[in-house]
Amino acid sequence: MTPFRKRNFIVSLINDAIWDLPAPVNLSIWWSFGSMMGVMLGVQIVTGFILSCHYTAHVDMAFDSVVHIMRDVNSGWVLRGFHANGASVFFMCIYVHIGRGFYYSSYQYVGVWVSGVALYLLLMAEAFMGYVLPWGQMSYWGATVITSLVTVIPYVGQDLLYWVWGGYTVCNNTLMRFYSVHFILPFAMIGIILMHLYFLHKTGSNNPLGVDSDCMCVRFHPYYTVKDLLGFASLGFVICMIVFYYPDSLGDVNNWIPADPMKTPLTIKPEWYFLWLYTVLRSIPNKVGGVVAMFGAIVIWLFLPILHSGMFRGLAFYPHSQFLFWGLIGVWCGLSVCGMYPVAYPIEQAGQILTLSYFLLMIGIPLTQGWWDWLIS
């Protein structure tokens, strides 16, 4: 392929993928959160690369290097503020994106949905490893607790744990491995995002009514680039407010204490975006059962296309499912709140009830749509 043809091919590809992409006429602002996540990924990669130039992946120097970035590097506190809080904003966007996909039954586009779930799992791993790097108290003990979950794997669990640690406890080898994987995972995420976009452009976008929109489409530009620009401006306002006025509001103050293997914090808890999974994990009074339930809370998303029984796509035509959906949102918030507190009465019992409710609603919402169709037919 000649350079001229190659250039024309790239221009044509970008034009078909963004400029002249057919899009349903009735997309709302909720469809802008996918592009917001793309912006946040770019912010995370750029700020993470700059921070890596000043970070030292060693247990004796990691914490001090973070303090050095905050105090001595020009605008270092801004860079770290955007990177650390950018992870939280990224999860805000992805949870809204997933919730929108569930509400409007976008999971029926199986390729798009499965690649999105894979992206969420990669994001979980990326965020967890990034949380370990400052090497504060919560970083160290969080790494100890979460990595210990691999021991539930029969026969090889303990050996696998030592391999992950690079020793017989969380140590310098663990930190260096997490740093390396944290640096390379975003590029794997880019690959999954491209796959996600490929399936999206192949099937077309869903819409609030869930109807076939082939004959009711408009060009992506300028109709939806304007909406995306509004979303980007709102996103920038939110993250700037957090970074410049409340930089530590979404983190744990204990992580400003250097890691001490001889002193366990009174409560060990993850960042807010993992609290709901943490509650599911500890709601089962068995380590293996807790790990299975925690991963099952995500894997169940993959079964939604199979469980869907409704005649229509989305919840616009199912009043009872809309009610159950907002109940599911309440359950998710309740799980997150329970994860903030130690396991004691009544938090333990509330967590178990909410965990059971979560699985029942995830299964019940798509299944009961067929019952509603039968009732009104």
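In this text, all values refer to a predicted model and were calculated from it rather than measured experimentally.

Procedures and definitions
Residues numbered from 1 in each chain as written. Predicted model: local features only at pLDDT ≥ 70, side-chain atom pairs only at ≥ 80, totals over all residues. Heavy atoms only, no water. Axes fitted to C-alpha atoms, helices over the stretch in contact; angles between N-to-C directions. Helix = DSSP H or I, 4+ residues; strand = E, 2+ residues; numbered from the N terminus. Parallel < 35°, antiparallel > 145°, perpendicular 65-115°, else oblique. Left-handed = near helix turned anticlockwise from the far one by under 90°. Contact = heavy atoms within 4.5 Å. Nonpolar A, V, L, I, M, F, W, Y, C, P; charged D, E, K, R; others polar. Buried < 20%, exposed > 50% of the residue type's maximum accessible area, 1.4 Å probe, protein only. Arc of directions from axis to C-beta. Domains from an automatic or database assignment. Buried area = accessible area lost by both parts, 1.4 Å probe. Salt bridge = Lys/Arg side-chain N within 4 Å of Asp/Glu carboxyl O. Polar contact = N/O pair within 3.5 Å; in protein donor to acceptor, adjacent residues only side chain to side chain. UniProt positions renumbered as here; feature names shortened; annotations may be inferred. Core = buried A, V, L, I, M, F, W, Y, C linked by side-chain atoms within 4.5 Å. Phe/Tyr/Trp six-rings, centres within 6.5 Å; stacked < 30°, edge-to-face > 60°. Patch = residues over 30% accessible without salt bridge, like charges linked within 9 Å, V, L, I, M, F, W, Y side chains within 5 Å. Areas by Shrake-Rupley, 256 points an atom, 1.4 Å probe, with all protein chains shown as cover.

Participant: What is the right way to read the packing of helix 4 (residues 76-103) against helix 13 (residues 319-338) from this model?
Facilitator: Two measures define how a pair of helices packs: the angle their axes make with one another and the distance between the axes. At their nearest, the axes of helix 4 and helix 13 sit 11 Å apart, and the two run at 155 degrees to each other. The orientation of helix 4 with respect to helix 13, classified from their angle, is roughly antiparallel. Relative to helix 13, the crossing made by helix 4 is right-handed. Touching Tyr 95, Gly 99, Phe 102 and Tyr 103 of helix 4 are Gln 322, Phe 325, Trp 326, Leu 328 and Trp 332, all from helix 13. Residue composition of the contact of helix 4 with helix 13, grouped by class: 7 nonpolar, 2 polar and no charged.

Participant: Explain helix 7 (residues 157-165) to me, please; I cannot follow it from the model alone.
Facilitator: Every α-helix winds through 3.6 residues per turn, so residues three or four apart in the chain are directed the same way. If you check which residues of helix 7 are buried, you get Gly 157, Leu 161 and Trp 165. Here the buried residues of helix 7 occupy an arc of 75 degrees about the axis, which is enough to place them on one side. Exposed residues on helix 7 whose side chains face more than 90 degrees from its buried face are Asp 159 and Trp 163. Turning to helix 7, the residues buried within the fold contact helix 6 (137-147) and helix 8 (172-203).

Participant: What's the story with the domain arrangement of the chain in this structure? I'm lost.
Facilitator: Often the size quoted for an interface is simply the accessible area lost on bringing the parts together. When its domains are assigned, the chain resolves into domain 1 (13-261) and domain 2 (269-376). Centre-to-centre, using C-alpha coordinates, domain 1 lies 22 Å away from domain 2. Opposite the 37 residues of domain 1 that make contact, domain 2 presents 32 residues. With both chains or domains summed, domain 1 and domain 2 bury close to 3,100 Å², and 72% of this area falls on carbon and sulfur atoms. The tally of links from domain 1 across to domain 2 stands at 0 salt bridges. Linking domain 1 with domain 2 are 10 residue pairs in polar contact (both at pLDDT 80 or more), by the criterion used here. Of all the elements in the fold, those that place two or more residues in the side of domain 1 that touches domain 2 are helix 4 and helix 5 (110-132). In terms of residues, the side of domain 1 that touches domain 2 owes the most to one element, helix 5, which gives 10 residues. Classifying every residue of the side of domain 1 that touches domain 2 gives 27 nonpolar, 9 polar and 1 charged.

Participant: Is there a simple way to think about the UniProt feature "binding site: heme b b566" (unreviewed entry) in the chain in this case?
Facilitator: UniProt records the feature "binding site: heme b b566" (unreviewed entry) at His 97 and His 196, using the numbering of this structure. Over a stretch of 100 residues, the named residues converge on one spot in the fold, their C-alpha atoms separated by at most 13.2 Å. Apart from the residues within four sequence positions on either side, His 97 is in contact with Phe 33, Gly 34, Met 37 and His 196. You can see His 196 is positioned in helix 8. The class for His 196 is buried, based on a relative accessible area of 16%. Ignoring anything within four residues of it in the chain, the contact list for His 196 reads His 97, Val 112, Ser 115 and Gly 116.

Participant: Is there a simple way to explain the side chain of Ser 283 in this structure?
Facilitator: With respect to the element layout, Ser 283 can be found in helix 10 (residues 275-283). Among all residues touching Ser 283, those that are not within four sequence positions of it are Gly 351, Gln 352 and Thr 355.

Participant: It is not clear to me how the nonpolar core should be interpreted in this structure. Could you clarify?
Facilitator: Burial of nonpolar side chains together is a common tendency in soluble globular proteins. Judged by nonpolar contacts, the single largest core of 83 residues is most densely connected at Phe 91, Tyr 120, Trp 276, Trp 301 and Tyr 358. Looking at this core element by element, the count peaks at 12 residues for helix 4. Looking at this core, you find at least three residues from each of domain 1 (13-261) and domain 2 (269-376). Those residues in contact with Trp 276 that sit more than four places away from it in its chain are Tyr 95, Tyr 120, Ala 297, Ile 298, Trp 301, Trp 332, Leu 335, Ser 336 and Tyr 358.

Participant: Even after reading the chapter, I still don't get unusual backbone geometry, so can you show me in this structure?
Facilitator: Pro 222 follows His 221 through a cis peptide bond whose omega is 10 degrees. Put simply, Tyr 345 and Pro 346 share a cis peptide bond, and its omega is 0 degrees. Within the fold, Pro 346 resides in the loop between helix 13 and helix 14 (347-376). At Ser 105, a residue that is not glycine, the phi angle is positive and equals roughly 55 degrees.

Participant: I would appreciate a short explanation of the packing of aromatic side chains in the present structure.
Facilitator: By convention here, two paired aromatic rings are described through the distance between centres and the angle between planes. This structure, assessed with the given rule, holds 31 aromatic pairs. Judged by centre distance (6.0 Å) and plane angle (15 degrees), the rings of Trp 30 and Phe 33 are stacked. Residue class for Trp 30 comes out partly exposed when judged on its relative accessible area of 42%. For Phe 33, a relative accessible area of 16% gives the class buried. Look at Trp 31 and Tyr 104: their rings are 5.1 Å apart centre to centre, the planes differ by 40 degrees, and that puts the pair in the tilted class. Of this pair, Trp 31 sits in the loop between strand 1 (22-24) and helix 2 (33-52) while Tyr 104 sits in the loop between helix 4 and helix 5, and the two are 73 residues apart along the sequence. Each residue in the set Phe 91, Tyr 95, Tyr 120, Trp 272, Tyr 273, Phe 274, Trp 276, Trp 301, Trp 332, Tyr 358 and Phe 359 is aromatic and connected to the rest through ring pairs, giving one cluster.

Participant: How do you make sense of a nonpolar patch on the surface when you look at a structure like this?
Facilitator: Taken together, Val 46, Phe 49, Ile 50, Val 181, Phe 183, Ile 184, Phe 187, Ile 190, Leu 194 and Leu 197 make up a surface patch of nonpolar side chains, about 870 Å² in accessible area. Of all the elements, helix 8 adds the most residues to the nonpolar patch, at 7 residues. Mapped onto the secondary structure, Leu 197 falls in helix 8.

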